[in-house]
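Each chain, written out:
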Amino acid sequence: LRSFFDNVGGMILNEVLRRINMGARVVICGAISGYNEEDPSRVPAPTNYLSLLTNRAKMEGFIVFDYVKEFPSATKQLAEWIGEGKLVFKEDIRNGLENAPESLKQLFTGGNTGKLIIKVGDRLAQVENSRL
């Protein structure tokens, strides 16, 4: 494994660290596996962290707000790639606000595929340059 973008943490990160290659890069942007733990001391810390040393690997935090200045150019580039079919994504659309609680639970169990969207109604009007 040469690179890994982690937003899960816990046992997933631990297993990845066990399998990294020499010179690997691990980027951490979240740790959802521990978000619901009421006692922070019970959130599992990586036990395979010495693999970073022996493999001369790097692990670094990633906070999207560090790149706010890049948002306009990134948005333009991503839109181009989507339009060209170079960037493809999945959306898991669930209908009805009444289904939101059960649907959102699936984010934590792996019960959805792709971006989970709760559709609460049809768009009434398309607003030019809207951020909605």
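This write-up is about the structure you can find in this document.

Rules used in this analysis
Residues numbered from 1 in each chain as written. Predicted model: local features only at pLDDT ≥ 70, side-chain atom pairs only at ≥ 80, totals over all residues. Heavy atoms only, no water. Phe/Tyr/Trp six-rings, centres within 6.5 Å; stacked < 30°, edge-to-face > 60°. Helix = DSSP H or I, 4+ residues; strand = E, 2+ residues; numbered from the N terminus. Buried < 20%, exposed > 50% of the residue type's maximum accessible area, 1.4 Å probe, protein only. Arc of directions from axis to C-beta. Contact = heavy atoms within 4.5 Å. Expected span 1.5 Å × (residues − 1). Pairing = 2+ DSSP bridges. Axes fitted to C-alpha atoms, helices over the stretch in contact; angles between N-to-C directions. Core = buried A, V, L, I, M, F, W, Y, C linked by side-chain atoms within 4.5 Å. Salt bridge = Lys/Arg side-chain N within 4 Å of Asp/Glu carboxyl O.

Focus: the packing of aromatic side chains
Here is step 1: The tally for this structure, following the rule as stated, stands at 2 aromatic pairs.
Here is step 2: Taken together, a centroid distance of 5.7 Å and an interplanar angle of 65° make the contact between phenylalanine 5 and phenylalanine 62 edge-to-face. Of this pair, phenylalanine 5 sits in strand β1 (residues 3-6) while phenylalanine 62 sits in the loop between β3 (58-61) and α3 (71-84), placing them 57 residues apart in sequence.
Here is step 3: Considering the side-chain rings of phenylalanine 62 and tyrosine 67, the 5.4 Å spacing of their centres and the 20° angle between planes classify their relative orientation as stacked.
Here is step 4: Using a relative accessible area of 41% as the deciding quantity, one classes tyrosine 67 as partly exposed.
Here is step 5: What links up through ring pairs into an aromatic cluster is the set Phe5, Phe62 and Tyr67.

Describing helix α1 (residues 10-19)
Here is step 1: Among the residues making up α1, those that are buried are Gly10, Leu13, Asn14, Val16 and Leu17. Looking straight down α1, one finds that the buried residues subtend no more than 165° of arc, so they occupy a single side. In α1, the exposed positions angled more than 90 degrees off the buried face are occupied by Met11 and Arg18.
Here is step 2: Buried-residue contacts for α1 involve β1, β2 (25-28), α2 (50-54) and β3.

So, α3
Here is step 1: Its 14 residues give α3 an end-to-end C-alpha distance of 20 Å, which sits within 8% of 20 Å, the value for a rise of 1.5 Å per residue.
Here is step 2: Glycine 85 occupies a position one or two residues after α3 and carries a positive phi of about 80°.

Focus: the sheet that holds β3
Here is step 1: Strand order in the open sheet formed by 3 strands is β1-β2-β3, with parallel pairing between adjacent strands. Each having just a single partner strand, β1 and β3 make up the two edges of the open sheet. Strand after strand, the sheet turns through a mean of 15° between neighbouring axes, direction not considered.
Here is step 2: Sheet topology note: the β2/β3 ladder contains 4 bridges and is parallel. Paired with isoleucine 28 across the bridge in β3 is glycine 61.

Considering unusual backbone geometry
Here is step 1: Although it is not a glycine, arginine 56 adopts a positive phi angle of roughly 50°.
Here is step 2: Position of arginine 56 among the secondary structure elements: in the loop between α2 and β3.

Considerations on the nonpolar core
The tendency in soluble globular proteins is for nonpolar side chains to be buried side by side.
Here is step 1: In this structure, Leu13, Val16, Leu17, Ile20, Ala24, Val26, Leu52 and Ala57 together form the largest nonpolar core, which totals 8 residues.
Here is step 2: Per element, the largest residue contribution to this core is 3 residues, and it comes from α1.
Here is step 3: Beyond its immediate chain neighbours, meaning those up to four positions away, valine 16 contacts Leu1 and Phe4.

Here we look at the pattern of salt bridges
Here is step 1: On inspection of all chains with the given rule, the structure shows 8 salt bridges.
Here is step 2: Across the pair aspartate 92 and arginine 94 runs a salt bridge whose closest N-O atoms are separated by 2.8 Å.
Here is step 3: Look at aspartate 92 and you get buried, because its relative accessible area is 14%.
Here is step 4: Taking the shortest distance from any N to any O, the salt bridge between glutamate 102 and lysine 105 comes out at 3.7 Å. One end of the pair is glutamate 102 and the other is lysine 105, both in helix α4 (residues 100-105) and 3 residues apart, which spans about a single turn.
Here is step 5: Salt bridges sharing partners connect three or more residues here, namely Glu15, Arg18 and Arg19.

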